[in-house]
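Below are the chains, spelled out letter by letter.
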Amino acid sequence: MGSASSAYRVIYLDVDGRIQKVVFSKFCSPYDIKELFCTAVGLRRNTVLSLLDSAGALVSIDPHMPHNTERSPYKVVPLSGGQLGDKEELFQNVLTQVAEQFSRAFKINELKTEVTNRLTMLEKRVELEGMKVVEIEKCRSDIKKLREEMASRNNSHFLDDNKMLTLRRDVPSYPKYHLSQETMEALRKPTFNVWQWEPNEVRRGGRPITAKESGNPALMLSCLEHMYHDLDLVRDFNMNPVTLKRWLLCIHDNYRMNPFHNFRHCFCVTQMMYSMICLCGLQETFNQVDILVLMTAAVCHDLDHPGYNNTYQINARTDLAVRYNDISPLENHHCAVAFQILSQPDCNILSTFDPESFQHIRQGIITLILATDMARHGEILDSFRHKVDSFDFTDEEHVTCLKTMLIKCCDVSNEVRPMEVAEPWVDCLLEEYFTQSDREKAEGLPVAPFMDREKVTKPTAQIGFIKFVLIPMFETVMKLFPQIEEVMVQPLRESRDRYEELKQIDDAMTEVKSYLCEHL
């Protein structure tokens, strides 16, 4: 961690009489530093500005600019269009003329109009046809042809449709939502309702959130960003806030649109981890690196999930199963994608750590993500049971075992939430299960009874899982953190009882139908 601080520079700015501290990496470009200064003083990113020292002399904006103190801040002077030098104005005029000539030569405006109209037509077709698979593939083919046509006509470059890793090299532009105090408090509780946002959230500029925007990924991204700031991870590890935004956007882009294993699931697992950190006072017993590992593993734990579980991967002998020798193929893949994203400088929120510290964090994240493979559930639970009665927070092995239990709890925590929040997730999970079992039947592969649409119901799907997986696991963690009983364990017991009542009703209805069929 020692090398992290030496790689950063601190500059103080005078913003209308208020001192603003700005921290940036010595490896930042002058352009990035200028944008950071604009953000710090509330100006647009493309504003031309200059810095003056206490003597009124101009100060260059670059990674090696002179150091100052709070008592000698630099004054920020934004320049309007009329204040630009003659050379800059001449340069702007030349650029404008070149752009106009280029546009006339290559018919850029006509091309843009043509492409926009054709894309709009394709989007309407997709919407009208209900996003049918055949139409989607046809539209993708047409869009690909359009992109190739544009590339050939104006030498533009487009990303390959098959490239999963999407990087945001510009300053992220997703809408910034100002979270209300009520929402910030709700985020700390297991009862948080991801399906229904607070009505008094406002977007930058004061505009209320519309019903259509409710559940918008930008809201979830803003909440995740808030969690990292609220836990002091950004401050303590000198994270670049812009890099955090880029990383979260790239994470979002690499979750697929599955019924269950999607970005909303990623958000719910991370929010539950955040609430457990707050509820159990983990910042008082864990160090900040442990908190960083817990949160980051939760965010990354299902990256690029294809919607088909490990059993299918192994039975179908998919590329993932072959690559990872049938050993937790999905979880290994999630880890690989996570660190592929972090290997990009623009998305590396761990860039301030020295190699040894980075390797320690990397191993911690991998350990936690691999622990989410339910095939290892019994092994991990038994290991924790042997430690919990004499748990030692100074023992690294004990702490690692606890962290694996925490991410396992968060990963399957939907039934901890209120019924109106939890039940839609059961529908999402069953939809994903049924899609897999239908495919398994079509391919002649074994089908698990709990995934077969002809054999499973919502109550039968949940009762066994709650009774024999969730309650025993949460009750074991409760031995170490008794405070979770009321807000996490008791809701599980109530959920079990509710589904058992529903099963009794289903069984009674089945008997009635059977009787009527026999006697009528």
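This structure is a prediction, so every number in the text was calculated from the model and none was measured.

About the thresholds
Residues numbered from 1 in each chain as written. Predicted model: local features only at pLDDT ≥ 70, side-chain atom pairs only at ≥ 80, totals over all residues. Heavy atoms only, no water. Salt bridge = Lys/Arg side-chain N within 4 Å of Asp/Glu carboxyl O. pLDDT = per-residue confidence, 0-100. Contact = heavy atoms within 4.5 Å. Core = buried A, V, L, I, M, F, W, Y, C linked by side-chain atoms within 4.5 Å. Buried < 20%, exposed > 50% of the residue type's maximum accessible area, 1.4 Å probe, protein only. Helix = DSSP H or I, 4+ residues; strand = E, 2+ residues; numbered from the N terminus. UniProt positions renumbered as here; feature names shortened; annotations may be inferred. Polar contact = N/O pair within 3.5 Å; in protein donor to acceptor, adjacent residues only side chain to side chain. Phe/Tyr/Trp six-rings, centres within 6.5 Å; stacked < 30°, edge-to-face > 60°. Lys NZ or Arg CZ within 6 Å of the ring centre and 35° of its normal. Disulfide = S-S within 2.5 Å. Pairing = 2+ DSSP bridges. Expected span 1.5 Å × (residues − 1).

Turning next to the pattern of salt bridges. Summed over all chains, the structure comprises 21 salt bridges. D232 is the salt-bridge partner of R235, the closest N and O atoms lying 3.6 Å from each other. Residues joined in a network through salt bridges with shared partners are D232, R235 and D236.

Now for the confidence of the model for the chain. Here the chain averages 84 in pLDDT, while 77% of its residues score no lower than 70. The model gives residues 153-163 a pLDDT under 50, and that stretch makes 15 contacts with residues more than four places away or in other chains. Below a pLDDT of 50 lies the segment residues 198-215, which in the model reaches 34 contacts outside its immediate sequence neighbourhood of four places, other chains included.

Counting 101 residues, the largest nonpolar core has Y228, W247, F267, M295 and F474 as its most contacted members. Ranked by residues supplied to this core, first place goes to helix α10 (residues 263-279) with 10 residues. Counting residues in hydrophobic clusters, the runner-up holds 17 residues, among them V22, F24, F37 and V41.

Let's shift gears to the UniProt feature "binding site: Zn(2+) 1" (unreviewed entry) in the chain. In this numbering, the UniProt entry assigns the feature "binding site: Zn(2+) 1" (unreviewed entry) to H265, H301, D302 and D411. Spanning 147 residues, the annotated positions come together in the fold, the maximum distance between their C-alpha atoms being 10.0 Å. Assignment of secondary structure puts H301 in the loop between α12 (288-300) and α13 (310-315). The contacts of H301, once residues within four sequence positions are left out, are Y255, H265, C266, V269, H334, I369, I407 and D411. Reaching out from H301, the side chain makes a polar contact with the side chain of H265 at a distance of 3.1 Å. Summarising the element assignment, D302 is placed in the loop between α12 and α13.

This part is about unusual backbone geometry. Its identity is not glycine, yet D16 carries a phi of approximately 55°, on the positive side. For D16, the location among the structural elements is in the loop between β1 (8-15) and β2 (18-25). For N325, which is not glycine, the phi dihedral falls at a positive 55°. Among the secondary structure elements, N325 is positioned in the loop between α14 (319-323) and α15 (329-342).

Following the criterion strictly, the structure yields 13 aromatic pairs and no others. Between F24 and F37 the ring centres are 6.2 Å apart and the planes differ by 75°, which places this aromatic pair in the edge-to-face class. Note that F24 is positioned in strand β2 and F37 in helix α2 (residues 30-41), a separation of 13 residues in sequence. With respect to class, F24 is no different from F37; both count as buried. A centroid spacing of 5.4 Å and a plane angle of 75° characterise the contact between F260 and W425, whose relative ring orientation is edge-to-face. Within this pair, whereas F260 is found in the loop between α9 (241-253) and α10, its partner W425 is found in helix α19 (residues 419-443), the two being separated by 165 residues in sequence. Accessibility expressed as a relative area gives 2% for W425, which makes it buried. If you follow R498 out to its NZ or CZ, it ends over the ring of Y499, 5.2 Å from the centre.

Taken as a whole and assessed by the stated rule, the structure comprises 0 disulfides. In this structure C266 is a free cysteine whose sulfur lies 7.6 Å from that of C300, the closest cysteine sulfur available. Judged by its relative accessible area of 0%, C266 is buried. Summary of cysteine pairing: C278 is not part of a disulfide, and the nearest cysteine sulfur, belonging to C280, is at 9.6 Å.

The pairing of β1 with β2 spans 8 bridges and is classified as antiparallel. Looking at the pairing, V15 lines up with R18 of β2. Hairpin connection of β1 to β2: 2 residues between the antiparallel strands, including D16 at a positive phi of 55°.

Turning our eyes to something else, we now look at the UniProt feature "binding site: AMP" (unreviewed entry) in the chain. If you check UniProt for "binding site: AMP" (unreviewed entry), the listed places come out as H261, N262, F263, R264, H265, D302, D411 and Q462 in our numbering. Among the structural elements, N262 can be located in the loop between α9 and α10. N262 gets classed as buried once you look at its relative accessible area, which sits at 13%. Ignoring sequence-local partners within four residues, the contact set of N262 consists of Y255, R256 and W425. For Q462, the location among the structural elements is in helix α20 (residues 458-478). Ignoring any residue separated from it by four or fewer positions in sequence, one finds Q462 in contact with E415, V426 and Y499. Looking at Q462, its side chain comes within polar contact range of the side chain of E415, at 2.8 Å.

This next bit is on α12. An ideal rise of 1.5 Å per residue puts 18 Å on 13 residues; α12 measures up with 18 Å between its terminal C-alpha atoms. The element α12 is largely enclosed, with a buried count of 12 among its 13 residues. Buried within α12 are the following residues: Q288, D290, I291, L292, V293, L294, M295, T296, A297, A298, V299 and C300. Looking at where α12 begins, the residue whose side-chain oxygen comes 3.1 Å from the main-chain nitrogen of V289 is N287.

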